Amino acid sequence: MNGQKILLHSCCAPCSAAVLEWLIRNGYETVLFYYNPNIYPQEEYEKRKNELTKYAAKKRIKVIDGDYNYNRWKQTVEGFENEPERGARCLRCFKMRLNKTAELANTLGISLFATTLSSSRWKDLNRIDEAGSEAAMKYAGLTFLNKNWRKDGLQQRRNDLIKENNFYNQQYCGCEYSTRVLRDAGKAVII
Ligand code: SF4
(Lines give C-alpha, C1' and ligand atoms only; values in the text may rest on other atoms or scores of the structure.)
Protein backbone atom coordinates (compact mmCIF):
# COMPACT_ATOMS: atom_id res chain seq x y z
CA MET A 1 0.00 0.00 0.00
CA ASN A 2 1.47 3.35 -0.88
CA GLY A 3 -1.64 5.17 0.43
CA GLN A 4 -1.07 8.16 -1.83
CA LYS A 5 -4.15 10.09 -2.90
CA ILE A 6 -4.71 10.66 -6.58
CA LEU A 7 -7.36 12.55 -8.52
CA LEU A 8 -8.09 10.63 -11.71
CA HIS A 9 -9.71 12.55 -14.52
CA SER A 10 -12.03 10.08 -16.20
CA CYS A 11 -13.43 10.39 -19.72
CA CYS A 12 -15.64 7.26 -19.65
CA ALA A 13 -16.03 3.82 -18.08
CA PRO A 14 -14.29 1.81 -20.86
CA CYS A 15 -11.15 3.99 -20.56
CA SER A 16 -11.25 4.00 -16.75
CA ALA A 17 -11.82 0.44 -15.55
CA ALA A 18 -8.33 -1.02 -16.11
CA VAL A 19 -6.64 2.20 -14.94
CA LEU A 20 -8.70 2.21 -11.76
CA GLU A 21 -7.93 -1.43 -11.15
CA TRP A 22 -4.20 -0.74 -11.53
CA LEU A 23 -4.32 2.24 -9.15
CA ILE A 24 -6.22 0.27 -6.51
CA ARG A 25 -3.85 -2.67 -6.84
CA ASN A 26 -0.90 -0.34 -6.39
CA GLY A 27 -2.31 1.20 -3.25
CA TYR A 28 -3.49 4.58 -4.51
CA GLU A 29 -6.45 6.16 -2.77
CA THR A 30 -8.33 7.23 -5.85
CA VAL A 31 -10.99 9.88 -6.40
CA LEU A 32 -12.56 10.11 -9.86
CA PHE A 33 -13.35 13.37 -11.59
CA TYR A 34 -15.78 13.29 -14.47
CA TYR A 35 -15.19 16.52 -16.37
CA ASN A 36 -15.91 16.29 -20.08
CA PRO A 37 -17.71 19.36 -21.44
CA ASN A 38 -16.50 18.31 -24.91
CA ILE A 39 -19.06 15.53 -25.25
CA TYR A 40 -21.91 16.10 -27.67
CA PRO A 41 -24.87 15.81 -27.54
CA GLN A 42 -25.83 16.07 -23.87
CA GLU A 43 -27.64 12.70 -24.01
CA GLU A 44 -24.32 11.10 -24.95
CA TYR A 45 -22.61 12.95 -22.09
CA GLU A 46 -25.19 11.64 -19.60
CA LYS A 47 -24.92 8.13 -20.98
CA ARG A 48 -21.12 8.03 -20.53
CA LYS A 49 -21.39 9.62 -17.09
CA ASN A 50 -24.00 7.14 -15.90
CA GLU A 51 -21.92 4.22 -17.08
CA LEU A 52 -18.93 5.51 -15.12
CA THR A 53 -20.85 6.34 -11.92
CA LYS A 54 -22.51 2.91 -11.93
CA TYR A 55 -19.12 1.20 -12.21
CA ALA A 56 -17.52 3.47 -9.58
CA ALA A 57 -20.35 2.70 -7.15
CA LYS A 58 -19.68 -0.99 -7.65
CA LYS A 59 -16.02 -0.39 -6.79
CA ARG A 60 -16.93 2.02 -3.95
CA ILE A 61 -14.96 4.84 -5.52
CA LYS A 62 -16.07 8.44 -5.13
CA VAL A 63 -16.88 10.38 -8.30
CA ILE A 64 -16.85 14.16 -8.42
CA ASP A 65 -19.12 15.48 -11.12
CA GLY A 66 -17.71 18.41 -13.15
CA ASP A 67 -19.77 21.02 -14.99
CA TYR A 68 -21.17 20.37 -18.43
CA ASN A 69 -20.81 23.52 -20.50
CA TYR A 70 -20.54 22.60 -24.15
CA ASN A 71 -20.72 26.21 -25.32
CA ARG A 72 -17.70 27.14 -23.27
CA TRP A 73 -15.84 24.13 -24.65
CA LYS A 74 -16.75 25.25 -28.19
CA GLN A 75 -15.29 28.68 -27.53
CA THR A 76 -12.08 27.01 -26.35
CA VAL A 77 -11.62 25.20 -29.66
CA GLU A 78 -12.94 27.99 -31.88
CA GLY A 79 -10.95 28.24 -35.13
CA PHE A 80 -9.79 24.63 -34.83
CA GLU A 81 -13.00 22.90 -35.83
CA ASN A 82 -11.53 21.37 -38.98
CA GLU A 83 -8.37 20.05 -37.38
CA PRO A 84 -7.92 16.28 -37.67
CA GLU A 85 -8.12 14.15 -34.55
CA ARG A 86 -4.87 14.14 -32.56
CA GLY A 87 -4.28 17.70 -33.79
CA ALA A 88 -4.40 21.20 -32.30
CA ARG A 89 -8.11 21.04 -31.38
CA CYS A 90 -7.50 17.96 -29.25
CA LEU A 91 -4.60 19.65 -27.45
CA ARG A 92 -6.90 22.53 -26.48
CA CYS A 93 -9.54 20.04 -25.40
CA PHE A 94 -7.02 18.15 -23.22
CA LYS A 95 -5.76 21.40 -21.71
CA MET A 96 -9.24 22.53 -20.75
CA ARG A 97 -10.02 19.24 -19.03
CA LEU A 98 -6.66 18.81 -17.31
CA ASN A 99 -6.42 22.43 -16.15
CA LYS A 100 -9.72 21.93 -14.36
CA THR A 101 -8.50 18.64 -12.88
CA ALA A 102 -5.30 20.28 -11.61
CA GLU A 103 -7.32 23.12 -10.11
CA LEU A 104 -9.60 20.68 -8.30
CA ALA A 105 -6.69 18.55 -7.06
CA ASN A 106 -5.10 21.67 -5.62
CA THR A 107 -8.36 22.72 -3.96
CA LEU A 108 -8.78 19.27 -2.43
CA GLY A 109 -5.17 19.13 -1.25
CA ILE A 110 -4.39 16.13 -3.50
CA SER A 111 -0.84 16.36 -4.82
CA LEU A 112 -1.11 13.88 -7.71
CA PHE A 113 -3.42 13.66 -10.70
CA ALA A 114 -3.73 11.58 -13.86
CA THR A 115 -6.11 11.08 -16.75
CA THR A 116 -7.70 8.08 -18.42
CA LEU A 117 -7.43 9.88 -21.77
CA SER A 118 -4.05 8.29 -22.31
CA SER A 119 -5.54 4.80 -22.19
CA SER A 120 -7.06 5.24 -25.64
CA ARG A 121 -4.82 4.17 -28.50
CA TRP A 122 -6.39 6.88 -30.67
CA LYS A 123 -5.02 9.72 -28.55
CA ASP A 124 -1.62 11.37 -28.85
CA LEU A 125 0.30 10.65 -25.64
CA ASN A 126 2.71 13.55 -26.18
CA ARG A 127 -0.13 16.03 -26.34
CA ILE A 128 -1.75 14.58 -23.23
CA ASP A 129 1.59 14.80 -21.43
CA GLU A 130 2.03 18.40 -22.58
CA ALA A 131 -1.43 19.35 -21.30
CA GLY A 132 -1.03 17.49 -17.99
CA SER A 133 2.48 18.75 -17.24
CA GLU A 134 1.53 22.33 -18.07
CA ALA A 135 -1.53 22.11 -15.80
CA ALA A 136 0.57 20.68 -12.94
CA MET A 137 3.08 23.53 -13.16
CA LYS A 138 0.38 26.02 -12.19
CA TYR A 139 0.30 24.74 -8.60
CA ALA A 140 3.17 24.24 -6.17
CA GLY A 141 3.67 20.61 -5.18
CA LEU A 142 1.28 19.20 -7.77
CA THR A 143 2.44 16.35 -10.03
CA PHE A 144 0.94 14.87 -13.17
CA LEU A 145 1.30 11.08 -13.26
CA ASN A 146 2.19 10.50 -16.88
CA LYS A 147 1.82 6.76 -17.09
CA ASN A 148 1.25 4.95 -20.37
CA TRP A 149 -1.99 3.09 -19.54
CA ARG A 150 -1.69 0.97 -22.69
CA LYS A 151 1.41 -0.87 -21.48
CA ASP A 152 1.98 -3.61 -18.86
CA GLY A 153 -0.98 -5.64 -20.16
CA LEU A 154 -3.43 -2.82 -19.50
CA GLN A 155 -4.64 -2.67 -23.11
CA GLN A 156 -5.72 -6.30 -22.94
CA ARG A 157 -7.18 -5.84 -19.47
CA ARG A 158 -9.15 -2.86 -20.77
CA ASN A 159 -10.67 -4.99 -23.51
CA ASP A 160 -11.49 -7.78 -21.07
CA LEU A 161 -13.17 -5.40 -18.63
CA ILE A 162 -15.26 -3.83 -21.38
CA LYS A 163 -16.64 -7.29 -22.19
CA GLU A 164 -16.95 -8.41 -18.57
CA ASN A 165 -18.93 -5.35 -17.58
CA ASN A 166 -20.79 -5.06 -20.84
CA PHE A 167 -19.94 -1.35 -20.91
CA TYR A 168 -21.59 1.03 -23.28
CA ASN A 169 -18.65 1.57 -25.64
CA GLN A 170 -19.02 4.74 -27.68
CA GLN A 171 -18.16 4.89 -31.35
CA TYR A 172 -16.63 8.37 -31.47
CA CYS A 173 -14.26 10.39 -29.32
CA GLY A 174 -16.78 12.88 -27.96
CA CYS A 175 -17.22 16.26 -29.65
CA GLU A 176 -19.46 16.97 -32.62
CA TYR A 177 -16.40 17.24 -34.91
CA SER A 178 -15.30 13.73 -33.98
CA THR A 179 -18.59 12.30 -35.26
CA ARG A 180 -17.19 12.96 -38.76
CA VAL A 181 -15.39 9.64 -38.57
CA LEU A 182 -18.71 7.88 -38.28
CA ARG A 183 -20.04 9.67 -41.34
CA ASP A 184 -16.86 9.15 -43.35
CA ALA A 185 -15.99 5.59 -42.37
CA GLY A 186 -19.32 4.16 -41.37
CA LYS A 187 -18.15 1.87 -38.64
CA ALA A 188 -14.91 3.42 -37.37
CA VAL A 189 -14.43 2.95 -33.64
CA ILE A 190 -12.80 5.93 -31.97
CA ILE A 191 -12.19 5.40 -28.27
S1 SF4 B 1 -11.79 14.64 -31.06
FE2 SF4 B 1 -11.90 14.11 -28.86
S3 SF4 B 1 -10.04 14.96 -27.92
FE4 SF4 B 1 -10.29 15.88 -29.94
S5 SF4 B 1 -11.40 17.80 -29.57
FE6 SF4 B 1 -12.96 16.27 -30.04
S7 SF4 B 1 -13.55 15.41 -28.05
FE8 SF4 B 1 -11.64 16.54 -27.73
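Anything mentioned here points back to the structure above.
Here we summarise the structure given alongside this text. Since the model is a prediction, treat every value here as computed from it, not as a measurement. Every chain's residues receive numbers from 1 upward, in the order its sequence appears when written. The predicted origin of the model limits local features to residues at a pLDDT of at least 70 and limits the giving and counting of side-chain atom pairs to 80 or more, whereas totals for whole chains, interfaces and linings rest on all residues.

1. Focus on the site of the ligand
Using a C-beta atom placed from the backbone, a residue is described as near a molecule or strand when that atom lies within 6 Å of it. In the vicinity of the ligand, the contacting residues are N38, V77, E85, R89, C90, C93, C173, G174, C175, Y177 and S178. Any residue outside Ala, Val, Leu, Ile, Met, Phe, Trp, Tyr, Cys, Pro, Asp, Glu, Lys and Arg is labelled polar, Gly included; the first ten of those are nonpolar and the last four are charged. For the shell around the ligand, the per-class residue count stands at 6 nonpolar, 3 polar and 2 charged.

2. Thoughts on the nonpolar core
Core analysis: the largest hydrophobic core is formed by 41 residues, its most contacted members being I6, L7, L8, F94 and F113. Only strand 1 (5-10), helix 1 (13-25), strand 2 (29-34), helix 2 (42-59), helix 4 (88-108), strand 4 (112-115) and helix 5 (125-136) provide two or more residues apiece to this core. We call two residues in contact whenever the C-beta atoms placed from their backbones are within 7 Å. The residues contacting I6, other than those within four sequence positions of it, are L23, Y28, T30, I110, L112, F113, A114 and L145. Note on terminology: a nonpolar core is a set of buried residues of type Ala, Val, Leu, Ile, Met, Phe, Trp, Tyr or Cys, with members joined through C-beta atoms within 7 Å. The exposure scheme places C-beta atoms from the backbone and then counts, for each residue, the other C-beta atoms within 10 Å of its own, assigning buried at 20 or more, exposed at 12 or fewer, and partly exposed in between. Note on conventions: DSSP H or I runs of at least 4 residues are helices, E runs of at least 2 residues are strands, and numbering of each starts at the N terminus.

3. Brief notes about unusual backbone geometry
With an omega dihedral of -5°, the bond running from Y40 to P41 counts as a cis peptide bond. Unlike most non-glycine residues, N166 shows phi in positive territory, near 50°. Tracing the backbone shows N166 in the loop between helix 6 (154-165) and helix 7 (180-185).

4. Section: the sheet that holds strand 2
The sheet built from 5 strands is open, its strands ordered 3-2-1-4-5 with parallel pairing. The sheet is open, and its two edges are formed by strand 3 (63-65) and strand 5 (143-144), each paired on a single side. Here 2 bridges tie strand 4 to strand 5, and the two strands are oriented parallel to one another. Residue pairing in the sheet places L112 in a bridge with T143 of strand 5. Running at roughly 175° to strand 1, helix 1 makes contact with strand 1 and strand 2 of the sheet. For two strands to be treated as a pair, DSSP must find at least two bridges joining them. Between N-to-C directions, angles span 0 to 180 degrees; the directions come from axes that are lines fitted to C-alpha atoms, helices contributing only their stretch in contact.

5. Here we look at helix 5
One less than the residue count of a helix, multiplied by 1.5 Å, gives the span that helix is expected to have. Helix length check: helix 5 (12 residues) gives 16 Å between terminal C-alpha atoms against 16 Å at 1.5 Å per residue, within 8%. Every buried residue of helix 5 is listed here: R127, I128, A131, G132, A135 and A136. The arc that holds every buried residue of helix 5, seen down its axis, measures 165°, which confines them to one face. Close packing links the buried residues of helix 5 with helix 4, strand 4 and strand 5. The directions considered for the arc run from the helix axis to the C-beta atoms.

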